[in-house]
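# Structural description and commentary
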Amino acid sequence: MPELPEVDSYRTGLAKMIEGWKLAGGKSIWPKACIDDFNIVKNQKIIGFDRRGKYLIINLSKDYIVIHLRMTGRIDIADKTPKYTTVEFKFENKQRMCLVDYRKFGKVWITNNVEPIIKNLGIEPLSRKFTLKKFKKLLTKRSGTIKPLLLNQSFIAGIGNYLADEILFRASIHPLRKANTLTKGEIKKLHESIGHVIRKSIDYGGTTFLTFRGPEGKKGEFWKKLQVFRKTGEPCPHCKSPIKRIVVGQRGTHYCEKKQKL
């Protein structure tokens, strides 16, 4: 379940590893993972990396490679093709950049225009545009349940299940609260918590639950700092009450019923 912090670790880490490398080609081992023409990338250099929500954008000399890891994808730089590779790109130095994904949900695009791929994404939660004023405006007329709203990528880009649970816990907001019932104080706390939790996760290289490995094969260490996610029955770090688990919007959801009152 790579979310914004995990993808950001690739953005920064791969830049240190492979920026400037020239591509020799590539192929789709699992055809559904990429249907584009790999001949496009031949002789193009990697000149930079960006991220939009959960999408990694690799800037080439003329075009772009866009990768979405979905549930279990990771990116490996290797001299041999790893098991479960669905898409691989070969460099002139014989190294390979591989999308390794045993569930095969990850997607790759080779394109000269990124916008059609990311056009429906909401605001970036770490951008300067994501001000408290803007957040309040985004919440205007939103009457849905707050956790599914945070997971809605057209609302805010990049937040997934573990981030949403940790953000709501820190903001003392119940995951079943309706967005239009939040007070000004709660909105302010929620806005601040979104930035805080995401940045802290990035600082720890994201979180590894199953297959995620960051650049150089490192596991994300933020799982050590999780307060409620997958902590069912464990004492709340705030009040020692047992952490509860419910299903919200078909997603397992963890919270403290004393700290996050409905």
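This one's a predicted model, so the numbers in the text were calculated from it and none came from an experiment.

## Some details on the overall build of the protein chain
Along the protein chain, the regular secondary structure elements total 6 helices and 10 strands. Relative to a compact globule of 262 residues, whose C-alpha radius of gyration would be 18 Å, the protein chain shows 19 Å and is just as compact. Buried positions account for 51% of the 262 residues belonging to the protein chain. Of the contacts formed within the protein chain by residues at least 6 apart in sequence, a portion of 62% connects residues at least 24 apart. Entry remark: accessible area of the protein chain is about 12,900 Å², with carbon and sulfur atoms responsible for 48%. Taken as two groups, the 53 positive and 24 negative side-chain charges of the protein chain have centres that lie 6 Å from each other.

## Structural notes on the packing of helix α1 (residues 4–18) against helix α6 (residues 184–203)
The interhelical angle for the contact between α1 and α6, taken along N-to-C directions, is 45°, at an axis separation of 9 Å. If you check the angle between α1 and α6, you find them oblique. At the point where α1 passes α6, the crossing takes the right-handed sense. Contacts from Leu4, Pro5, Glu6 and Asp8 in α1 reach Ile198, Ser201 and Ile202 in α6. Split into classes, the residues belonging to the contact of α1 with α6 amount to 4 nonpolar, 1 polar and 2 charged.

## Points about the nonpolar core
Soluble globular proteins tend to pack their nonpolar side chains together in the buried interior. Ranked by internal contacts, the top residues of the largest apolar core, which has 29 residues, are Phe135, Leu150, Ile156, Ile159, Leu190 and Ile194. If you list the elements that add at least two residues to this core, you get α3 (132–139), α4 (146–151), α5 (161–170) and α6. Every residue in contact with leucine 150, bar those within four places of it in the chain, is listed here: Ile156, Ile159, Ala164, Ile167, Leu168, Leu190 and Ile194. Residues Val7, Ile58, Leu60 and Ile65 belong to the second largest nonpolar core, which totals 26 residues.

## Observations concerning the environment of lysine 27
When you line up the elements, lysine 27 lands in strand β1 (residues 23–28). Spatially, the C-alpha atom of lysine 27 lies 6.4 Å from that of phenylalanine 38, the residues being 11 residues apart in sequence. Not counting residues within four places of it along the chain, the set of residues in contact with lysine 27 comprises Phe38, Val87 and Glu88.

## Observations regarding the environment of histidine 174
In this fold, histidine 174 is placed in the loop between α5 and α6. The exposure class of histidine 174 is buried, given its relative accessible area of 6%. Measuring from C-alpha to C-alpha, the distance between histidine 174 and lysine 259 comes to 8.3 Å, with 85 residues separating the pair along the chain. Once you skip the residues sitting within four places of it in the chain, histidine 174 turns out to touch Ile146, Ile246, Tyr255, Gln260, Lys261 and Leu262.

## A short note on the pairing of strand β7 (residues 96–100)
Taken across its 5 residues, β7 has 5 buried, putting it largely inside the fold. Burial along β7 is two-sided: the face carrying Arg96, Cys98 and Val100 and the face carrying Met97 and Leu99 are both buried. In the sheet, strand β5 (residues 74–78) pairs with β7 via 5 bridges, with the strands oriented antiparallel. Bridged to alanine 78 within β7 is arginine 96. Of the pairings in the sheet, the one linking strand β6 (residues 85–91) to β7 comprises 5 bridges and is antiparallel in character. The partner of phenylalanine 89 across the bridge, within β7, is methionine 97. Between β6 and the antiparallel strand that follows it, β7, lie 4 residues; lysine 94 among them carries a positive phi value of about 80°.

## A word on the pairing of β6
The element β6 is extensively covered by neighbouring structure, given that 6 of its 7 residues are classed as buried. As paired elements, β1 and β6 share 5 bridges and run antiparallel to each other. Note on β6: the bridge partner recorded for serine 28 is valine 87.

## Quick notes on α6
Note on helix geometry: an α-helix contains 3.6 residues per turn, so any two residues three or four positions apart are oriented the same way. Relative to the 28 Å expected for 20 residues at 1.5 Å per residue, α6 spans 29 Å between its end C-alpha atoms, a close match to the ideal helical length. Those residues of α6 that are buried are in contact with α1, α3, α4 and α5. Count one or two residues on from α6 and you reach glycine 205, which has phi positive near 75°.

Criteria and thresholds
- Residues numbered from 1 in each chain as written.
- Predicted model: local features only at pLDDT ≥ 70, side-chain atom pairs only at ≥ 80, totals over all residues.
- Heavy atoms only, no water.
- Helix = DSSP H or I, 4+ residues; strand = E, 2+ residues; numbered from the N terminus.
- Rg over C-alpha atoms; globule rule 2.2 N^0.38 Å.
- Buried < 20%, exposed > 50% of the residue type's maximum accessible area, 1.4 Å probe, protein only.
- Contact = heavy atoms within 4.5 Å.
- Areas by Shrake-Rupley, 256 points an atom, 1.4 Å probe, with all protein chains shown as cover.
- Lys, Arg positive; Asp, Glu negative; His and termini not counted.
- Charge placed at Lys NZ, Arg CZ, Asp CG, Glu CD.
- Axes fitted to C-alpha atoms, helices over the stretch in contact; angles between N-to-C directions.
- Parallel < 35°, antiparallel > 145°, perpendicular 65-115°, else oblique.
- Left-handed = near helix turned anticlockwise from the far one by under 90°.
- Nonpolar A, V, L, I, M, F, W, Y, C, P; charged D, E, K, R; others polar.
- Core = buried A, V, L, I, M, F, W, Y, C linked by side-chain atoms within 4.5 Å.
- Pairing = 2+ DSSP bridges.
- Expected span 1.5 Å × (residues − 1).

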